[in-house]
Amino acid sequence: MGLYDRFIHNVVLTEVSEKFGKAQYIEGEGVMAFYYRLARYVEWMVRPLNRYTFKKHYIMHLLKGIFDYLLSKEVTAKHSRMESILHHTRKAEEGIIK
């Protein structure tokens, strides 16, 4: 049990951090699925990311059209609440799909 706690636990934590870092928006999945996937990775981390890092990763890995829409609405990771970011990403996604 001690070996498991010492080695396997660290491997799992590293994998979760890597998955978060490599996570990309998948067009067929949608913006909310991307958000929930990132949130799930953060829940598995021993030390959760700060809000800014989470929001920045989310925004920077969206489709260019959605990213551009956020910029046009002055939505940024630094100055916007996550609820506002999600609201605008859903609106942008709806506009792109239609």
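**Student:** Could you clarify how one ought to interpret the pattern of salt bridges in this entry?
**Tutor:** Opposite charge on two side chains allows them to pair when their charged atoms are near. Enumeration according to the criterion identifies three salt bridges in this entry. A salt bridge links Asp68 to Lys64; the nearest nitrogen and oxygen atoms lie 2.8 Å apart. Of this pair, Asp68 and Lys64 both sit in helix H4 (residues 64–72), four residues apart, which is roughly one turn of that helix. With its nearest N and O atoms 3.3 Å apart, the salt bridge here joins Glu83 to Arg81. Glu83 gets classed as exposed once you look at its relative accessible area, which sits at 52%. When its relative accessible area of 60% is taken as the criterion, Arg81 is described as exposed.

**Student:** Would you mind showing me how to read the nonpolar core here?
**Tutor:** Generally speaking, a soluble globular protein has its nonpolar side chains buried in company with each other. In this structure, Phe20, Phe34, Leu38, Phe54, Tyr58, Leu62 and Met82 are the most contacted members of the largest nonpolar core, which totals 24 residues. If you list the elements that add at least two residues to this core, you get helix H1 (2–22), helix H2 (31–44), helix H3 (51–60), H4 and helix H5 (82–97). Among all residues touching Phe20, those that are not within four sequence positions of it are Leu38, Tyr41, Val42, Met45, Leu49, Phe54 and His57.

**Student:** Can you help me understand the environment of Arg37 in this one?
**Tutor:** With respect to the helices and strands, Arg37 occurs in helix H2. A sequence separation of 13 residues divides Arg37 from Gln24, and the C-alpha atoms of the two residues are 9.8 Å apart. If sequence neighbours within four positions are ignored, Arg37 has contacts with Ala23, Gln24, Ile26 and Glu29. In terms of polar contacts, Arg37 uses its side chain to reach the backbone carbonyl oxygen of Gln24, at 3.0 Å.

**Student:** Help me understand the side chain of His57, please; the structure alone is not making it clear to me.
**Tutor:** Turning to its location among the elements, His57 is positioned in helix H3. If we skip the residues at most four places from it in the chain, His57 touches Phe20, Gly21, Ala23, Phe34 and Leu38.

**Student:** What exactly am I supposed to notice about the environment of Leu49 here?
**Tutor:** Examined against the element boundaries, Leu49 turns out to sit in the loop between H2 and H3. Distance from Leu49 to Ser17, taken between C-alpha atoms, is 9.7 Å for residues 32 residues apart in sequence. For Leu49, the residues in contact, after removing those within four places along its chain, are Phe20 and Val42.

**Student:** Looking at this structure, how should I read the packing of aromatic side chains?
**Tutor:** Aromatic rings considered in pairs are described by the distance between their centres and by the relative angle of their planes. According to the stated counting rule, one finds seven aromatic pairs in the structure shown. Note on Tyr35 and Tyr36: the rings are 5.3 Å apart at their centroids and 65 degrees apart in plane angle, and the pair reads as edge-to-face. Accessibility expressed as a relative area gives 48% for Tyr36, which makes it partly exposed. Site record: aromatic cluster; members linked through ring pairs are Phe20, Tyr25, Phe34, Tyr35, Tyr36, Phe54 and Tyr58. Across the ring face of Tyr41, the terminal group of Arg40 is positioned such that the distance to the ring centre comes to 6.0 Å.

Calculation rules
- Residues numbered from 1 in each chain as written.
- Predicted model: local features only at pLDDT ≥ 70, side-chain atom pairs only at ≥ 80, totals over all residues.
- Heavy atoms only, no water.
- Salt bridge = Lys/Arg side-chain N within 4 Å of Asp/Glu carboxyl O.
- Helix = DSSP H or I, 4+ residues; strand = E, 2+ residues; numbered from the N terminus.
- Buried < 20%, exposed > 50% of the residue type's maximum accessible area, 1.4 Å probe, protein only.
- Core = buried A, V, L, I, M, F, W, Y, C linked by side-chain atoms within 4.5 Å.
- Contact = heavy atoms within 4.5 Å.
- Polar contact = N/O pair within 3.5 Å; in protein donor to acceptor, adjacent residues only side chain to side chain.
- Phe/Tyr/Trp six-rings, centres within 6.5 Å; stacked < 30°, edge-to-face > 60°.
- Lys NZ or Arg CZ within 6 Å of the ring centre and 35° of its normal.

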